[in-house]
Amino acid sequence: MVFLTLSCWIRSRGPDRYWKVQELLKHARHFRGRKNRCYKLAVRAVRRAFVYATKSRRLKKRNMRTLWITRIAAASREHGMKYPILMHNLMKSSVQLNRRVVSELAVTEPRTFLSLTKLAKARQQEGFCAALGDGKEPPGVFSRVVLLQ
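Asks: Even after reading the chapter, I still don't get the overall build of the chain, so can you show me in this structure?
Replies: From N to C terminus, the chain includes six helices and zero strands. Across the chain, helices and strands are ordered from the amino to the carboxyl terminus as α-α-α-α-α-α. For the chain, restricting intrachain contacts to residue pairs at least 6 apart in sequence, the fraction spanning at least 24 positions comes to 41%. Roughly 12000 Å² of accessible area belongs to the chain as shown, and the carbon and sulfur atoms make up 59% of that amount.

Asks: Can you walk me through the nonpolar core in this structure?
Replies: Note that soluble globular proteins tend to have their nonpolar side chains buried in a common cluster. By size, the foremost hydrophobic cluster in this structure holds 14 residues, and its most contacted members are Ile72, Leu86, Met87, Leu90, Phe113, Leu116 and Ala120. Listed by contribution, the elements that provide at least two residues to this core are α3 (39-78), α4 (83-92), α5 (99-108) and α6 (110-132). The element best represented in this core is α4, accounting for four residues. Core analysis: the next-biggest nonpolar cluster, separate from the first, contains nine residues, Val21, Ala28, Val43 and Ala45 among them.

Asks: I tried to follow the environment of Trp68 on my own but got confused; where do I start?
Replies: Within the secondary structure, Trp68 sits in helix α3. For Trp68, the residues in contact, after removing those within four places along its chain, are Arg99, Arg100 and Ser103.

Asks: Looking at this model, I keep getting lost on α5. Mind explaining?
Replies: For an α-helix, 3.6 residues make a turn, and residues three or four places apart therefore share a direction. All of the buried residues in α5 are Val102, Ser103, Leu105 and Ala106. When α5 is viewed along its axis, its buried side chains cluster within an angular range of 155° and face the same direction.

Asks: I tried to follow unusual backbone geometry on my own but got confused; where do I start?
Replies: Comment: phi is negative for the bulk of residues other than glycine, and the bulk of peptide bonds are trans. The backbone phi angle of Ser94 is positive, close to 65°, even though this residue is not glycine. You can call Ser94 partly exposed: its relative accessible area is 47%.

Asks: Looking at this model, I keep getting lost on the packing of α3 against α5. Mind explaining?
Replies: The geometry of a pair of packed helices is captured by two quantities: the angle between their axes and the separation between those axes. Contact geometry for α3 and α5: axes closest at 9 Å, N-to-C directions at 45°. Our classification of the angle between α3 and α5 gives oblique. Crossing geometry of α3 relative to α5 is assigned as left-handed. Packed against α3, whose contacting residues are Arg65, Trp68, Ile69, Arg71, Ile72 and Ala75, the element α5 presents Arg99, Arg100, Val102, Ser103, Glu104, Ala106 and Val107 at the interface. Split by residue class, the contact of α3 with α5 holds seven nonpolar, one polar and five charged.

Asks: Help me out: how do you make sense of a positive patch on the surface in this one?
Replies: A surface patch of like charges, here positive, comprises Arg57, Arg58, Lys60, Lys61 and Arg62. Looking at the element boundaries, Arg58 is found in helix α3. By relative accessible area, Arg58 is classed as exposed at 57%.

Asks: Just checking my understanding: could you explain the packing of aromatic side chains for this structure?
Replies: Aromatic ring pairs: the centre-centre distance and the angle between the two ring planes describe each pair. Across all of its chains, the model carries one aromatic pair by this definition. Ring geometry for Tyr18 and Trp19: centres 4.9 Å apart, planes at 75°, overall edge-to-face. On the accessibility criterion, Trp19 (59% relative accessible area) is exposed.

Parameters and conventions
- Residues numbered from 1 in each chain as written.
- Predicted model: local features only at pLDDT ≥ 70, side-chain atom pairs only at ≥ 80, totals over all residues.
- Heavy atoms only, no water.
- Helix = DSSP H or I, 4+ residues; strand = E, 2+ residues; numbered from the N terminus.
- Contact = heavy atoms within 4.5 Å.
- Areas by Shrake-Rupley, 256 points an atom, 1.4 Å probe, with all protein chains shown as cover.
- Core = buried A, V, L, I, M, F, W, Y, C linked by side-chain atoms within 4.5 Å.
- Buried < 20%, exposed > 50% of the residue type's maximum accessible area, 1.4 Å probe, protein only.
- Arc of directions from axis to C-beta.
- Axes fitted to C-alpha atoms, helices over the stretch in contact; angles between N-to-C directions.
- Parallel < 35°, antiparallel > 145°, perpendicular 65-115°, else oblique.
- Left-handed = near helix turned anticlockwise from the far one by under 90°.
- Nonpolar A, V, L, I, M, F, W, Y, C, P; charged D, E, K, R; others polar.
- Patch = residues over 30% accessible without salt bridge, like charges linked within 9 Å, V, L, I, M, F, W, Y side chains within 5 Å.
- Salt bridge = Lys/Arg side-chain N within 4 Å of Asp/Glu carboxyl O.
- Lys, Arg positive; Asp, Glu negative; His and termini not counted.
- Charge placed at Lys NZ, Arg CZ, Asp CG, Glu CD.
- Phe/Tyr/Trp six-rings, centres within 6.5 Å; stacked < 30°, edge-to-face > 60°.

Structure representation (structure tokens):
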């Protein structure tokens, strides 16, 4: 189809609008009532649904982190440690595991998690010994530096 004038080309934009409407209604098919048939109502409903979807992606990340922390806290309580102490001492021990991996270990690999807990307890005891000092410091000065071998 050849268009000799600009006005003829502009007038033939109808099919583009049809596909635009169909694309939007595709997102609204599962809605109830007229929202899945009427374009004007579907536009509002789809826009609102996309806003909720965007917010929920952030919320999902937050909820998953809370779940991981809850799982780690429950598992660490079984071994006699609190969650913040466990995570702090694992970080000080240069264990490069994030909360997701540690929670998976707590659920699926209890022995591995037990060894991590033992490592954190050992690091905590090292910290206590360093805080008390080994007698090399001048009187009245407590060293918190622990040399890692």
